[in-house]
Amino acid sequence: MGGSILGNRVLRKEDPKFLTEGGKYVDDLLDEPLLANALHVTYARSTVAHGKINSIDVSEASQMDGIVAIFTGADLDLQQVPSAFNPMATRTLLATDKVRYVGEPVVAIVSETRSQGEDALDAIIIDYDVLPALIDLEKAMASDLHLYEACGSNVVFDTMVLGLPDNTGEAYFADCEVVVKGRFMNQRVAPCPLEVRGAAASWGENGRLTQWLSTQHAQGAVAPIAAANGVEEALIHVKTPDVGGGFGAKIGAYPEELLLGPIAKRVGKPVRWRETRSESMVALGHGRAQLQYVTIGGNRSGKVTHYQLWAIQDSGAWVDMGTILAPFMTRPMSSGVYDIPNIECRTTSVVTNTTPIVAYRGAGRPEATAAIERAMDMFAAKIGMDPAEVRRINLIPKFLEPHTTVVGQTYDVGDYETSLNKALEVSDYAGWREKQKAARARGDVKQLGIGVSIYVEITGGVGNGEAAKVEILDNGHALIYTGTSPHGQGHATAWAMLASEQTGIPMEKIDLVWGDTDLVPVGTGTMGSRSLQQGGNAVFAVSAELVNKAKAVAARLLEANEADIVLDKDSAAFHVAGTPALTKTWSELAQAEKSVGGALSHSDVIGVTGATFPFGAHVAIVEVDTETGKVTHLRHFACDDAGRVLNPLLLEGQIHGGVAQGTAQALLEEVVYDTDGNPTTSNLMDYAFISAAELPSIDVIHMETPTPLNLLGAKGIGESGTIGSTPAVQSAVIDAVSHLGVDHIDMPTTPQRVWEAIVAAN
Amino acid sequence: MLPAPFDYKRASSAAEAISLISEYGGDAKFLAGGHSLLPLMKLRLAAPSVLIDIARITDLSYIKDAGNHIAIGALTRHHDVEFSSVIKQHVPLLAHAAGYVGSPQVRHRGTIGGSIAHADPASDLPATTLALGATYVVQGPNGTREIAASNFYKGFLESDLAEDEMLTEIRVPKMQGAGWSFQKFNRRAQDWAIVGVAAWRRGTESGVALVNMDSTPVLATGVSAALASGSSIVEASQLAAEQANPSGDNNASAEYRKHLSKVLVRRALETASA
């Protein structure tokens, strides 16, 4: 028997298609019969950040060429929908009385062609009573003007409401020899999937709505779509074509998508919608946007004893997912990898007149890591100790049984010091420190900076398991149905590896079905780095059970005892132990089952018992031009422990992409509004989306500490790169100019900010 | 992200293009590589009613050694300028700067004439040809005229070109072995310059022009005058922003731009003098 396929660098099954014919995204569904003669929907959006709608005049637009219908919220009789996270905040899917951010949809235009819809935009006149725009978080928190009057405040969520105590302030640090304070802005960023949002909707003669969505979670969209259309969930069929990235922003269904069914019903034809990049930059949810007040205290030997964090989360203009990331993701991870005996963490979520904040790659955990890592650096600088050494002193020692931190979060397994040691050794940390010392002594214009971060995060925290079904076709091929929703991760490859491992069926004969709620009615989608440890785990378990089922069929056909049947994985055939000449192939078994009216398949929902906590250490090396402030990211070393690795190639792809996005936050990206709430970064020229040219070669350092929480020993890797890299890179930039007196620079560390910090320190 | 409706005409010669633009007047725009105009149209910041496509006028794509200068047809692509052995030999600063325009895809579509006629102060080639003392040849209904680069740029996206005129040729004096440097400061490789400097130096003579430091490209004559009168590079570079009035944006405040211009001019002159 050959060796296991698991753990091998198996090339992606998906790639030949994407590299040749290309993906087929929502907007490419041109030959879909249900979308024949589909009309186009274009949304007119608010051009003011905050205002009361006086009137909407569509009379001129409705006379234009190709305009089929124009709907306001009143025309569609839209009702107030409460937020899932604060029921006092309500909105209508199209703004009817009030607009709360630039980009909020107000009017839906239905046209024969897309360009006719865009032409009509200019002719729609919306008259507003403009209200002051609340853009600054702390001003919004203090303001008497409330985005949602019924909330009585712009604070829409607070850990104190959960019964958690307020931070106690400076008194908390009375016993500390050293206390350092910081105010860090973990800035607002835009997820920027390469495929913007798109959707289409078509009512069938059977009264069912088929809705195509560019989504991370088709099954999760069924209930809100059913509610928006006022029908039973059984009448909703969601289909997911190829999806060109989501990063968390495509988890939930948006108003523009939910309205397509009602609009299609009103016009009596299928409709399609695809946003432009400029729309996507203001109407797809944003990420991060957390202001952090941090105090850290300890003794001069480097032991940190007290840590206090107040995270003020910008929710944007809607109480969306972003609201609850601070209390339920940032707060539990506030201790990071450290054994800190005293921690206080309050979080406060605030609505502002900006694009709503949603989950974005890391979703609350990167913010926690950035805060504690920056605090550790400042503490190290204050006591004059190497930042890697201060970290080492405070690490939670290696544990292979669950460990609970002082904030009450239980981590599964951890070996943080080994990850730190590996990262320091492979990166030649000591050597870089020597080079840095020499460059400083020479007074070079270009100075080296070295940044270290160690992180632990939560993966697989969403969902308690996943559905899988494996079906054998007449020709012996296998079809896997999964409740996960790949959009770049490589599930077709990974799930085929897992099924092949159990069944012996070669990978090229295994295909994957996902994102179609008729074919896969149960599923939790792809988010929170859950897919392998829940979805893959389910495929692995279900495949094993299918082999047992197949053995029973083979036993019947071979007239043998089931216990004597063995599967020869090399030939993908079953035989009676000791008589390998007489075999039954998967194809023969499938046909035999079919002939008696059955099918050779197995389906189950496989539970898992809890989240896993992957960890790692990153070292970033940067060069800073001290005359201009420009940062060049020279090297990046990432040691990420995601438990047992199924496919190192897929793992490295996730780390590379994660490091790219994490570096982008540290160096380049920031969504900016002017004081009136106008976005000034609403295209990829003004928004500094990172490219390969700004990135170094990334050194991936492997480390595997398996988790006991699933069959595969796997933890999530989708977000780790983002979480570990951002603080390392930010730290490296500050480190490069620390000898000039700079102790902090907020992200993104733009050339101007770096230059200003140097000037201010002089 | 779709442009407003427009009519499309294709010209097969400069004369035909000028005849068409005379017919349609101010509502018409020439379309060459499209890399400046089409994004503006897609964002609906520009809405010409007629586009006159001049990209296929192949006899305006050339690079010729014309004795004391190099003549470049207005429809020559950036890529061809970047890799021309004639330009690399006689005007290496221009070949080098052309390699900094956008990305390879942009350089295969965009044209030197389009970039100059668009008169964007943030573009690389207007300032570079300004530093090199280029002359632009324009053709109108009544024939051709020559405009010195130093008289061409009139304001933000405004030039001395009349509505019915078309830029046909760029004449760049040979550099005669002058030292040179092009400094492009940006955050991402593909971006426009936050500040850029094109500079050459030969004995007491020099040319220094600034990218994105005002509503037009800026010829820093004060720097050249200081060098000619014996100032050091460090001293002269302090004058870099004297003739500039930069504005602030998300990438850089006016003050930071001024600072950058001094650093980059100094570096450019150090390289050009090496």
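Source: prediction; values computed, not measured.

1. So, the overall build of chain B
Here comes step 1: Check the secondary structure of chain B and you find twelve helices and 14 strands.
Here comes step 2: Here the C-alpha atoms of chain B give a radius of gyration of 18 Å, agreeing with the 19 Å that 2.2 N^0.38 yields for 274 residues.
Here comes step 3: Each of the three principal axes of chain B carries a C-alpha extent, and together these read 55 × 45 × 30 Å.
Here comes step 4: Taking contacts inside chain B between residues at least 6 apart in sequence as the whole, the part at least 24 apart equals 61%.
Here comes step 5: Total accessible area computed for chain B in this model is approximately 11,300 Å², and 48% of it derives from carbon and sulfur atoms.
Here comes step 6: Taking the average location of the 25 positive side-chain charges in chain B and that of its 26 negative ones, the two points are 6 Å from each other.

2. A closer look at the packing of helix α10 (residues 365-383) of chain A against helix α18 (residues 720-737) of chain A
Residue and element names in this part refer to chain A.
Here comes step 1: It is at 9 Å that the axes of α10 and α18 come closest, and there the two elements cross at 30°. Looking at the two axes, α10 sits roughly parallel to α18. Read as a crossing pair, α10 and α18 show a hand that is right-handed. Two secondary-structure elements touch here, α10 through Arg-365, Pro-366, Thr-369, Ala-370, Glu-373, Arg-374 and Asp-377 and α18 through Ile-723, Pro-727, Gln-730, Ser-731 and Ile-734.
Here comes step 2: A breakdown of the residues in the contact of α10 with α18 according to their chemical character gives five nonpolar, three polar and four charged.

3. Topic: the interface of chain A and chain B
Here comes step 1: The interface is formed by 32 residues belonging to chain A together with 25 residues belonging to chain B.
Here comes step 2: Buried surface at the junction of chain A and chain B, summed over both partners, amounts to about 2,300 Å²; 50% is from carbon and sulfur atoms.
Here comes step 3: For the chain A face of the interface with chain B, the top three residues by lost area are Glu627(A), Gln752(A) and Trp755(A), together amounting to 24%.
Here comes step 4: Here chain A is connected to chain B by four salt bridges.
Here comes step 5: The salt bridge involving Arg266(B) is made with Glu627(A); its shortest N-O contact spans 2.9 Å.
Here comes step 6: Of all elements in the fold, only α3 (114-121), α8 (277-283) and α19 (751-761) of chain A reach the threshold of two or more residues within the side of chain A that touches chain B.
Here comes step 7: Considering each element in turn, the side of chain A that touches chain B owes the most residues, four residues, to α3(A).

4. Looking at helix α11 (residues 387-394) of chain A
All names here are of chain A.
Here comes step 1: The set of residues buried in α11 consists of Pro-387, Ala-388, Val-390, Arg-391 and Asn-394. For α11, the angular spread of the buried residues around the axis is 160°, confining them to a single face.
Here comes step 2: Buried residues belonging to α11 abut β16 (304-316), α10, α12 (416-427), α13 (429-442) and β20 (446-456).

5. Comments concerning the sheet that holds strand β14 (residues 218-219) of chain B
Residues and elements named next belong to chain B.
Here comes step 1: One open sheet accounts for four strands, arranged β11-β12-β13-β14; its pairing is antiparallel. Looking at strand neighbours, the two that pair on one side only are β11 (179-185) and β14, the edges of this open sheet.
Here comes step 2: Bridge count for strand β12 (residues 195-202) against strand β13 (residues 205-211) is seven bridges, and the pairing is antiparallel. What sits directly across from Trp-200, in β13, is Gly-207.

6. Structural notes on the domain arrangement of chain A
Residue and element names in this part refer to chain A.
Here comes step 1: As assigned here, chain A comprises domain 1 (18-131 + 194-245 + 250-283), domain 2 (287-459 + 611-761) and domain 3 (461-607).
Here comes step 2: Using only C-alpha atoms to locate each centre, domain 1 and domain 2 end up separated by 37 Å.
Here comes step 3: Between domain 1 and domain 2, the residue contacts involve 21 residues of the former and 23 residues of the latter.
Here comes step 4: Of the roughly 1,700 Å² buried at the junction of domain 1 and domain 2 (both faces included), carbon and sulfur atoms supply 71%.
Here comes step 5: Scanning the region where domain 1 abuts domain 2 turns up five residue pairs in polar contact (both at pLDDT 80 or more).
Here comes step 6: Contributions of two or more residues to the side of domain 1 that touches domain 2 are made by β4 (81-82), β5 (90-91) and α8.
Here comes step 7: Per-element tally for the side of domain 1 that touches domain 2: the top contributor is α8, with four residues.
Here comes step 8: The residue makeup of the side of domain 1 that touches domain 2, split by class, is twelve nonpolar, six polar and three charged.

7. Brief notes about the packing of aromatic side chains
Here comes step 1: Summed over all chains, the structure comprises 14 aromatic pairs over all chains.
Here comes step 2: Between the aromatic rings of Tyr148(A) and Trp318(A), the centroid separation amounts to 6.1 Å while the plane-to-plane angle is 55°, which identifies the pairing as tilted. With Tyr148(A) in the loop between α4 (137-142) and β9 (155-158) and Trp318(A) in the loop between β16 and α9 (322-330), this residue pair connects regions lying 170 residues apart in the sequence.
Here comes step 3: A relative accessible area of 7% means that Trp318(A) is categorised as buried.
Here comes step 4: On the numbers, 4.8 Å between centres and 85° between planes, the contact of Tyr136(B) with Phe152(B) is edge-to-face. One end of the pair, Tyr136(B), is in strand β6 (residues 135-140); the other, Phe152(B), is in helix α9 (residues 149-152), with 16 residues separating them in the sequence. For the pair Tyr136(B) and Phe152(B), a shared accessibility class is recorded, and that class is buried.
Here comes step 5: Feature note: the residues Phe399(A), Tyr416(A) and Phe615(A) constitute an aromatic cluster, connected by ring pairs.
Here comes step 6: Between the NZ or CZ atom of Lys17(A) and the centre of the ring of Phe18(A), over which it lies, the distance is 5.1 Å.

8. Some words on the domain arrangement of chain B
Here comes step 1: Domain parsing of chain B yields domain 1 (7-53), domain 2 (58-173) and domain 3 (179-273).
Here comes step 2: A C-alpha centroid distance of 33 Å is found between domain 1 of chain B and domain 3 of chain B.

9. Overview of a nonpolar patch on the surface
Here comes step 1: Together, Met1(B), Leu43(B) and Leu45(B) make up a nonpolar patch on the protein surface, roughly 270 Å² of accessible area in all.
Here comes step 2: Inspection of the secondary structure puts Leu43(B) in the loop between α2 (37-42) and β3 (50-53).

10. What to know about the nonpolar core
Residue and element names in this part refer to chain A.
Here comes step 1: Tyr-307 and Tyr-416 are the most contacted members of the largest nonpolar core, which has 58 residues in total.
Here comes step 2: Looking at which element gives the most residues to this core, the answer is α10, with nine residues.
Here comes step 3: Apart from residues lying up to four places away in sequence, Tyr-416 is in contact with Val-337, Leu-395, Ile-396, Phe-399, Tyr-411, Ile-454, Val-456 and Phe-615.
Here comes step 4: Within the second largest apolar cluster, 45 residues are counted, among which are Ala-468, Trp-495, Val-553 and Leu-589.

11. Examining the packing of helix α17 (residues 648-667) of chain A against α18(A)
Residue and element names in this part refer to chain A.
Here comes step 1: Two numbers describe how α17 lies on α18: the axes approach to 7 Å, and their chain directions differ by 40°. Taken together, the axes of α17 and α18 are oblique relative to one another. Judged by the twist between their axes, the crossing of α17 over α18 is right-handed. Contacts from Ile-655, Gly-658, Val-659, Gln-661, Gly-662, Thr-663, Gln-665, Ala-666 and Leu-667 of α17 reach α18 at Gly-721, Thr-722, Ser-725, Thr-726, Val-729, Gln-730 and Val-733.
Here comes step 2: Class assignment of the residues belonging to the contact of α17 with α18 gives a composition of six nonpolar, ten polar and no charged.

12. Considerations on the pattern of salt bridges
Residue and element names in this part refer to chain B.
Here comes step 1: Throughout the structure, instances matching the rule amount to 51 salt bridges over all chains.
Here comes step 2: A salt bridge links Glu-169 to Arg-171; the shortest N-O distance between them is 2.6 Å.
Here comes step 3: By relative accessible area, which is 12% here, Glu-169 ends up buried.

13. A word on the sheet that holds strand β7 (residues 105-111) of chain A
Residues and elements named next belong to chain A.
Here comes step 1: Reading across from one edge, β3-β7-β1-β14-β11-β12-β13 is the order of the seven strands in this open sheet, with mixed pairing throughout. Looking along the sheet, the strands with just one partner apiece sit at the ends: β3 (67-72) and β13 (236-239). Adjacent strand axes in the sheet meet at a mean angle of 20° when their direction is disregarded.
Here comes step 2: Sheet strands touched by helix α5 (residues 218-229): β11 (198-203), β12 (209-213) and β13. Its angle to β13, the strand with the most contacts, is close to 140°.

14. Considering the environment of Ala234(A)
Residues and elements named next belong to chain A.
Here comes step 1: For Ala-234, the location among the structural elements is in the loop between α5 and β13.
Here comes step 2: Since its relative accessible area comes to 61%, Ala-234 is described here as exposed.
Here comes step 3: Separated by 85 residues in the primary sequence, Ala-234 and Glu-149 place their C-alpha atoms 36 Å from one another.

15. Description of the environment of Ile510(A)
Residues and elements named next belong to chain A.
Here comes step 1: Tracing the backbone through its elements, the reader meets Ile-510 in strand β23 (residues 510-514).
Here comes step 2: Overall, the relative accessible area of 1% leaves Ile-510 in the buried class.
Here comes step 3: Ile-510 sits 33 residues away from His-477 along the chain, and the two C-alpha atoms are 5.8 Å apart.

Criteria and thresholds
- Residues numbered from 1 in each chain as written.
- Chains lettered and ligands numbered in written order.
- Predicted model: local features only at pLDDT ≥ 70, side-chain atom pairs only at ≥ 80, totals over all residues.
- Heavy atoms only, no water.
- Helix = DSSP H or I, 4+ residues; strand = E, 2+ residues; numbered from the N terminus.
- Rg over C-alpha atoms; globule rule 2.2 N^0.38 Å.
- Contact = heavy atoms within 4.5 Å.
- Areas by Shrake-Rupley, 256 points an atom, 1.4 Å probe, with all protein chains shown as cover.
- Lys, Arg positive; Asp, Glu negative; His and termini not counted.
- Charge placed at Lys NZ, Arg CZ, Asp CG, Glu CD.
- Axes fitted to C-alpha atoms, helices over the stretch in contact; angles between N-to-C directions.
- Parallel < 35°, antiparallel > 145°, perpendicular 65-115°, else oblique.
- Left-handed = near helix turned anticlockwise from the far one by under 90°.
- Nonpolar A, V, L, I, M, F, W, Y, C, P; charged D, E, K, R; others polar.
- Buried area = accessible area lost by both parts, 1.4 Å probe.
- Salt bridge = Lys/Arg side-chain N within 4 Å of Asp/Glu carboxyl O.
- Buried < 20%, exposed > 50% of the residue type's maximum accessible area, 1.4 Å probe, protein only.
- Arc of directions from axis to C-beta.
- Pairing = 2+ DSSP bridges.
- Domains from an automatic or database assignment.
- Polar contact = N/O pair within 3.5 Å; in protein donor to acceptor, adjacent residues only side chain to side chain.
- Phe/Tyr/Trp six-rings, centres within 6.5 Å; stacked < 30°, edge-to-face > 60°.
- Lys NZ or Arg CZ within 6 Å of the ring centre and 35° of its normal.
- Patch = residues over 30% accessible without salt bridge, like charges linked within 9 Å, V, L, I, M, F, W, Y side chains within 5 Å.
- Core = buried A, V, L, I, M, F, W, Y, C linked by side-chain atoms within 4.5 Å.

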